[in-house]
Amino acid sequence: MGDVDGFYHIPQTAGARLGSQFSAGISTLEPGQSLSAAMGGSGKAQGKGLQVRVQGLDDTQEFYDLEAKAIGQMLLSAVFQRSNLIESDYFGLEFQNVQMNWVWLEPMKLIVKQVRRPMNTLFRLSVKFFPPDPGQLQEEFTRYLFVLQLKRDLMENRLPCTENTAALLISHLIQSEIGDYDDTADREFLKQNKLLPIQDRLQEKIMDLHRKHLGQNPAESDFQILEIARKLEMYGVRFHPAADREGSKINLSVAHMGLQVFQGNTKINTFNWSKIRKLSFKRKRFLIKLHPEVHGPHQDTLEFTMASRDHCKVFWKKCVEHHSFFRLFDQQQPKAKAVFFSRGSSFRYSGRTQKQLMEYMRDSGIRRTPYQRRNSKMCGSTRSLASDVPKQVSSRQDFDRDDTIWKQVCFCLELFFIKIFSFAGSSLDSAQSPPFDSKSPLTLSPSTQMSALSLPGRTPSPLQSPILSEVGSPRLGEDEEGRRKRFPTDKAYFIAKEILTTERTYLKDLEVITVWFRSAVIKENAMPEGLMNLLFSNIDPIYEFHRGFLKDIEQRLALWEGRSNAHVKGEYQRIGDVMLSNMCALKEFTSYLQKHDEVLTELEKATKRLKKLETVYKEFELQKVCYLPLNTFLLKPIQRLMHYKLILERLCKHYAPHHRDHSDCKEALKVVAEMAAQLQSSLIRLENFQKLTELQRDLIGIENLTAPGRQFIREGCLYKLTKKGLQQRMFFLFSDMLLYTSKGVTATNQFKVHGQLPLHGMLVEESENEWSVPHCFTIYAAQRTIVVAASSKVEMTKWIEDLNMAIDMAKKSREKSEIVLDPGLCDRSNRSSDEVSLESEDDTHSSRSSLDKQTHHRANTTMHVCWHRNTSVSMSDRSLAVENQLSGYLLRKFKNSNGWQKLWVIFTNFCLFFYKTHQDDFPLASLPLLGYTVSTPAEADSIQKEYVFKLQFKSHVYFFRAESEYTFERWMEVIRSAASATGRLNLLVPREPLQVNGN
């Protein structure tokens, strides 16, 4: 791989392994192939035809008869047709040229012009374009072929990964090939099949992992393999050796997002398509010309030296094809004026783009004929597709499988393999899309969001997120605008679409646990087996069910939008039947949901007890994919029931009683309301426990915060009167005590507890006149009196109400609390309760060792947002925010421009999270909403579009545009519920219909 004149590792042929003399360009016999078969086409060789040999991804070889002047596309079509491969544009045929480099067969050129001796050359079917998400592959057969490609890559050392990851991949491959774990069968299979160069060393680990895949069928194993592989840095990477201007050896590669530069196996740079203005080559030099905005006018061209002009041209052609396939809407016309690539060549990508292929799969309704895994060692592994229903069902016999488990697996599979592609709603623009506005705070990464988006009175940082600049900035053009208007306008359709968009987000949230966190703990072997079983045996079945449910919704929405046969369009303009059948099925999972209380508690205990697990837990929370506190994701399944209930209520309210969808929606609502009522108390308890554990990690100087019986009530910023005047403090009100803290001085930005006041005997009074401080009130505790001031009259009223409510609850409590307050934090002086405490600020910097405690820090938690925005949040506010979770595509207006940028937006935990598409694994940026106002644009804003709302916090202003009146109203509703304190206090402050006032 390090050789300059080789594109990537070339596996040895059978003849080479036997020591035969090497002959360039002539293939040797493969195992199991007879000499007569190899020479079967010799008669035709002298005639007018060609007979070529093609090796499939399953290593079987077949011969194809072609005309002497056949072009590459003829062979490609013959291979795809014989293989019954529908999503064929992801694949190509590669062969070794005279330099023994693997190159792609070009469809539009004569085969004899590309290959010196076609009948003596082995063509190999391979994956040509690796999509970033295997969910984009609609055919089970396509996914199976991708798995075979990954299997080949592992064996040929083209997919470097850790030993743990390699073992996990092979364990899924074995499950796919021979079924459930059997010690004898596993050892025999590994003995007969070489899947890894280091297989012998990893055999026991592979078998241990295989044991955990009980009941997983081949299709599920395929999906797991693809999910794991796509997260690897070398997924789909094919090296092209080169050297930079300093002569350092590097490797170039092209992928869906653009060009990548590697040093060894480490990626050191990525050039997104949106950054690149032009690609070209001159002799041995490969040139990348960038937009001036990327590197400035003085360094706009990067130069790399390759082994020869031919090497440059091969790589350039790959770049042309990848750009066209992943980036363009339609195929390039042969005579179109070249803008992105060099005009010196007439080469163009001739196949369908990914967008065209996905639309074809979505609209055509093609059903596959049955196929069988040729390498499977288990009988009954044939996968069949029913011809009378629009679903793909994978069936498999297992000799010792329990009937009950088999029925459950078949049920999950039927739900999952529904053959329809979801309407993504996102389209990529051409290569000329402008990069993100570097001056906008929205372009900052989540780790730096608070400095630009949250701090009052600060100027946004001009730094741009490398993530955002990598993915580019798709914009909605007029063609997309016209297409949007052709979709249904019925309110019921947009309510159904809200189910779809939020379900996509919910499934991604579950993957944080089922895929990402599982991978982290397995990699480090950090979680006890008992806890592993408890956690994943509860959440995995729920995840599998919702994967199938999402496919059902995607299918129905596609039919509703009329992207199928016209005569079935009207029949499927409803969602109630889909909701009813799936809500009834979801009832079977109630027992799993009831165990979430135990799961959350045991996980918290284990992280306190096991240092290794605690470290993995904290490190995982720092990863971009974990955009919320980790245990928040464990609450999602129960919270999702509340979302279904609210959405079904809106549907029932919208439909007239005689509407054909009304009865199904009403029945579905009845089912989900029954489940929600059954789990409501559990949800309240879990949300409280989750918040207490979150605070336990973020507060220094308080232990046992999660003590039984303690309830969180409110957190927020108040100004406490000290010897140096009013000083900002963060207060936390619980059912038994009031804590006040100051922000730490270390990089962790934790809060240090300064005081702990018991509620027993506490009294609260307004004291604005006494201290001549606006919004001031006095708290009289048993041994201390403190004076605090709120940022507004509303904030003061909320604190006083909640304090009095908590004091009253503590007073009425029949049993004395068993929770013992930390005496070190209580004032033990003899001062009377009437004396005001004026603490010294010197203790802010004391106990430096405790402040240096290493932990994670997330800038957009409500605690830090309240600190910077000078506001507060109660537990009831958090519950309301949970109910109002929303996601979908919005258009964000470019600053100082008329352009609009399409983003996938998620609202949760008082924050907007921004993604390029709904398929992305982590957000590009976040925008905490506390303190923001939301309104419609004023005339001075000069916004001439409909369905636009305006977000503003001091000098930070953003405009977002929804796709319909319903989605516009929903975004206004949920943002209004969370954006500002006044938006959640209807009885105290009047509110305009479309305006929320700030602090």
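Residues numbered from 1 in each chain as written. Predicted model: local features only at pLDDT ≥ 70, side-chain atom pairs only at ≥ 80, totals over all residues. Heavy atoms only, no water.

(A) A look at the overall build of the protein. Helix and strand counts for the protein come out as 33 helices and 28 strands. Out of the 999 residues in the protein, the part that is buried amounts to 59%. When contacts within the protein are restricted to residue pairs at least 6 apart in sequence, those whose partners lie at least 24 apart make up 66%. A total of about 42600 Å² of accessible surface is found on the protein, and carbon and sulfur atoms cover 50% of it. (Helix = DSSP H or I, 4+ residues; strand = E, 2+ residues; numbered from the N terminus. Buried < 20%, exposed > 50% of the residue type's maximum accessible area, 1.4 Å probe, protein only. Contact = heavy atoms within 4.5 Å. Areas by Shrake-Rupley, 256 points an atom, 1.4 Å probe, with all protein chains shown as cover.)

(B) Inspection of the sheet that holds strand β22 (residues 886-893) at higher detail. The antiparallel open sheet is built from seven strands, whose spatial order is β25-β24-β23-β22-β28-β27-β26. Both edges of this open sheet fall to β25 (925-928) and β26 (933-935), since each of them pairs with a single strand only. If you compare each strand with its neighbour and ignore which way they point, the axes differ by 35° on average. Relative to strand β24 (residues 911-915), strand β23 (residues 900-908) is paired through five bridges, and the arrangement is antiparallel. Pairing of Phe907 across the sheet is with Leu912, part of β24. (Pairing = 2+ DSSP bridges. Axes fitted to C-alpha atoms, helices over the stretch in contact; angles between N-to-C directions.)

(C) Spatial organisation of the environment of Phe329. You can see Phe329 is positioned in the loop between α12 (309-327) and α13 (354-364). Linking Phe329 and Lys355, residues 26 residues apart in sequence, is a C-alpha distance of 6.0 Å.

(D) The pattern of salt bridges, seen in detail. Evaluation of the coordinates by the stated rule reveals 46 salt bridges. In this structure, the salt-bridge partner of Arg230 is Asp921, at a minimum N-O distance of 3.1 Å. Here the residue Arg230 occupies a position in helix α10 (residues 218-230), and Asp921 occupies one in the loop between β24 and β25, the gap between them amounting to 691 residues. Summarising the burial analysis for this pair, Arg230 and Asp921 share the class buried. Salt-bridge contacts for Glu973 lead to Arg970; the nearest nitrogen and oxygen are separated by 3.1 Å. Taken together, the residues Glu973 and Arg970, both in helix α33 (residues 965-979) and three residues apart, mark about one turn of the helix. Residue classification places Arg970 among the buried residues on the basis of a relative accessible area of 5%. (Salt bridge = Lys/Arg side-chain N within 4 Å of Asp/Glu carboxyl O.)

(E) Local environment of the packing of helix α19 (residues 529-560) against helix α21 (residues 576-586). Close contact between α19 and α21 brings their axes to 10 Å; oriented N to C, the two are set at 175°. Between α19 and α21, the angle is such that the two are roughly antiparallel. Here Phe545, His546, Phe549, Asp552 and Arg556 of α19 lie close against α21, whose contacting residues are Asp577, Val578, Met579, Asn582, Met583, Ala585 and Leu586. Its residues assigned to classes, the contact of α19 with α21 comprises seven nonpolar, two polar and three charged. (Parallel < 35°, antiparallel > 145°, perpendicular 65-115°, else oblique. Nonpolar A, V, L, I, M, F, W, Y, C, P; charged D, E, K, R; others polar.)

(F) Main features of the sheet that holds strand β2 (residues 61-67). Strand order in the open sheet formed by five strands is β2-β1-β5-β3-β4, and the pairing between neighbours is mixed. Two strands close off the open sheet at either side, each with one partner strand: β2 and β4 (102-104). In this sheet, adjacent strand axes meet at a mean angle of 40° when their direction is disregarded. Relative to β4, strand β3 (residues 91-96) runs antiparallel, the two being bridged by three bridges. Bridging across to β4, Gln96 finds its partner in Trp102. Each of β1 (49-55), β2, β3 and β5 (122-127) touches helix α4 (residues 72-83); the most contacted strand, β2, lies at about 135° to it.

(G) Representation of the packing of aromatic side chains in the model. Using the criterion set out here, one finds 35 aromatic pairs in the structure. On the basis of an interplanar angle of 85° and a centroid distance of 4.9 Å, the ring pair of Phe325 and Phe326 is categorised as edge-to-face. Like Phe325, the residue Phe326 is buried in the burial classification. Judged by centre distance (5.8 Å) and plane angle (70°), the rings of Tyr493 and Trp560 are edge-to-face. Pair noted here: Tyr493 is in helix α18 (residues 491-524) and Trp560 is in helix α19, with a separation of 67 residues, a long-range link. Summarising the burial analysis for this pair, Tyr493 and Trp560 share the class buried. An aromatic cluster of at least three residues, connected via ring pairs, comprises Tyr90, Phe91, Phe129, Phe130, Phe146, Tyr235, Phe325, Phe326 and Tyr349. The ring centre of Phe712 lies 5.4 Å from the NZ or CZ of Lys691, which sits over that ring. (Phe/Tyr/Trp six-rings, centres within 6.5 Å; stacked < 30°, edge-to-face > 60°. Lys NZ or Arg CZ within 6 Å of the ring centre and 35° of its normal.)

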